[in-house]
Amino acid sequence: MTHVLVVDSNPAAQNDVNRAMGLPPVGENYAAVLRALAPALQVTITAPYDGPGADPRGFDGVVFTGSSVDWTTDAPEAAPLAAVMRAAFAAGRPVLGSCNGLHLAASVLGGSS
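So, how was this worked out
- Residues numbered from 1 in each chain as written.
- Predicted model: local features only at pLDDT ≥ 70, side-chain atom pairs only at ≥ 80, totals over all residues.
- Heavy atoms only, no water.
- Helix = DSSP H or I, 4+ residues; strand = E, 2+ residues; numbered from the N terminus.
- Contact = heavy atoms within 4.5 Å.
- Polar contact = N/O pair within 3.5 Å; in protein donor to acceptor, adjacent residues only side chain to side chain.
- Core = buried A, V, L, I, M, F, W, Y, C linked by side-chain atoms within 4.5 Å.
- Buried < 20%, exposed > 50% of the residue type's maximum accessible area, 1.4 Å probe, protein only.
- Salt bridge = Lys/Arg side-chain N within 4 Å of Asp/Glu carboxyl O.

Peer 1: Just to check I follow, could you spell out the environment of Arg-93 for this structure?
Peer 2: Mapped onto the secondary structure, Arg-93 falls in the loop between helix H3 (79–90) and strand S4 (95–97). For the pair Arg-93 and Pro-56, spaced 37 residues apart in sequence, the C-alpha to C-alpha distance is 7.5 Å. In this structure, Arg-93 is in contact with Pro-56, Arg-57, Phe-59, Asp-60, Val-62 and Ala-88, ignoring residues within four places of it in sequence. A distance of 2.6 Å separates the side chain of Arg-93 from the backbone oxygen of Arg-57, its partner in a polar contact.

Peer 1: What's the story with the nonpolar core in this structure? I'm lost.
Peer 2: In terms of nonpolar packing, the biggest core is built from 16 residues, with Val-7, Val-62, Phe-64, Leu-81, Met-85 and Leu-104 touching the most fellow members. Contributions of two or more residues to this core are made by strand S1 (3–7), strand S3 (61–64), H3 and helix H4 (100–108). Per-element accounting of this core gives the leading share, five residues, to H3. Apart from the residues within four sequence positions on either side, Met-85 is in contact with Phe-64, Val-95, Gly-101, Leu-104, Ala-105 and Val-108. If you look at the next biggest cluster of nonpolar residues, it comprises seven residues, including Val-6, Ala-31, Leu-34 and Leu-41.

Peer 1: How do you make sense of the pattern of salt bridges when you look at a structure like this?
Peer 2: Side chains bearing opposite charge may pair, as long as their charged atoms lie close to each other. The tally for this structure, following the rule as stated, stands at two salt bridges. Residue Asp-16 pairs with Arg-19 through a salt bridge whose shortest N-O separation is 2.8 Å. Here Asp-16 and its partner Arg-19 are both found in helix H1 (residues 12–20), three residues apart, which amounts to about one turn of the helix. Judged by relative accessible area, which is 44%, Arg-19 ranks as partly exposed. One salt bridge connects Asp-55 with Arg-57, and the closest N-O pair in it is separated by 2.5 Å. With relative accessibility at 57%, the residue Arg-57 sits in the exposed group.

As structure tokens, then:
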């Protein structure tokens, strides 16, 4: 079975704002869509802004969600998220970046956002 790591690119405080508006956290929302598209897919969510992110080496692929943060992906505040992406690249895992995740990939690979 394919096991994908979904990296929630929002910190808990932003996900709490989403919940207050009746919206799920971005990582949960993304995982739900993946499960709906591929019911046999095993999905794990990690939130690096809220503590150590999961080690991407244990997964078949890694997806980085969009985000509502106020900083750019090359800012020091983005370091927890960037560390997980660097580890995914170093492990040779396929990586998909959605919105903020795509900007993060550009920053991690040497560009600027």
